[in-house]
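# Results of the structural survey
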Amino acid sequence: MIPAALLSLGIQLSIVKIDFKDKDVYLASFMRLCIGPVLAYLLILILGVQGVLAQVMLISSAVPTAINTALIAVELNSQPEFATRVVVISTIFSVVTLPVVIFLAKQVLFQ
């Protein structure tokens, strides 16, 4: 399944022009990569989750937008260019944000 999904994304990327000036793409990526972990942390505190489960919840909230988002957008013809751009940009920025969240998860939630 993974090779087929990556092949589909590659085909979509060859069709879509990646525009690095679209502010909405950056906003969507920021919300996914930065606001998502903050909300997950608040939920962890509210629910009282501890240990490894809390770490997994926090780290999984910081992963980039899934390739499935772009594939579903293409299938439903619902802004596939935007979805593809968000997948690409959030994946690029997750190189920085995901290690930070993993570090924080180990420091803050491992008590």
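A brief structural summary. (Residues numbered from 1 in each chain as written. Predicted model: local features only at pLDDT ≥ 70, side-chain atom pairs only at ≥ 80, totals over all residues. Heavy atoms only, no water.)

## Describing the side chain of Ser90
Within the element layout of this structure, Ser90 appears in helix 5 (residues 80-108). A polar atom in the side chain of Ser90 sits 2.8 Å from the backbone oxygen of Val86. Within polar-contact distance, the side chain of Ser90 engages the backbone oxygen of Val87 at 3.3 Å. (Helix = DSSP H or I, 4+ residues; strand = E, 2+ residues; numbered from the N terminus. Polar contact = N/O pair within 3.5 Å; in protein donor to acceptor, adjacent residues only side chain to side chain.)

## Some details on unusual backbone geometry
For Asn77, which is not glycine, the phi dihedral falls at a positive 55 degrees. Among the secondary structure elements, Asn77 is positioned in the loop between helix 4 (67-76) and helix 5. Positive phi is not limited to glycine here, since Gln79 has a value of about 50 degrees. Inspection of the secondary structure puts Gln79 in the loop between helix 4 and helix 5.

## Examining the packing of helix 3 (residues 51-60) against helix 5
The relative placement of two packed helices is expressed as an angle between their axes plus a distance between the axes. Packing of helix 3 against helix 5 brings their axes to within 9 Å, and their N-to-C directions diverge by 160 degrees. The pairing of helix 3 with helix 5 is recorded here as roughly antiparallel in orientation. Here the hand of the crossing between helix 3 and helix 5 comes out right-handed. Contacts between helix 3 and helix 5 pair Gln55, Leu58 and Ile59 from the former with Leu98, Val101, Ile102, Ala105 and Lys106 from the latter. Looking at the contact of helix 3 with helix 5, its residues break down into 6 nonpolar, 1 polar and 1 charged. (Axes fitted to C-alpha atoms, helices over the stretch in contact; angles between N-to-C directions. Parallel < 35°, antiparallel > 145°, perpendicular 65-115°, else oblique. Left-handed = near helix turned anticlockwise from the far one by under 90°. Contact = heavy atoms within 4.5 Å. Nonpolar A, V, L, I, M, F, W, Y, C, P; charged D, E, K, R; others polar.)

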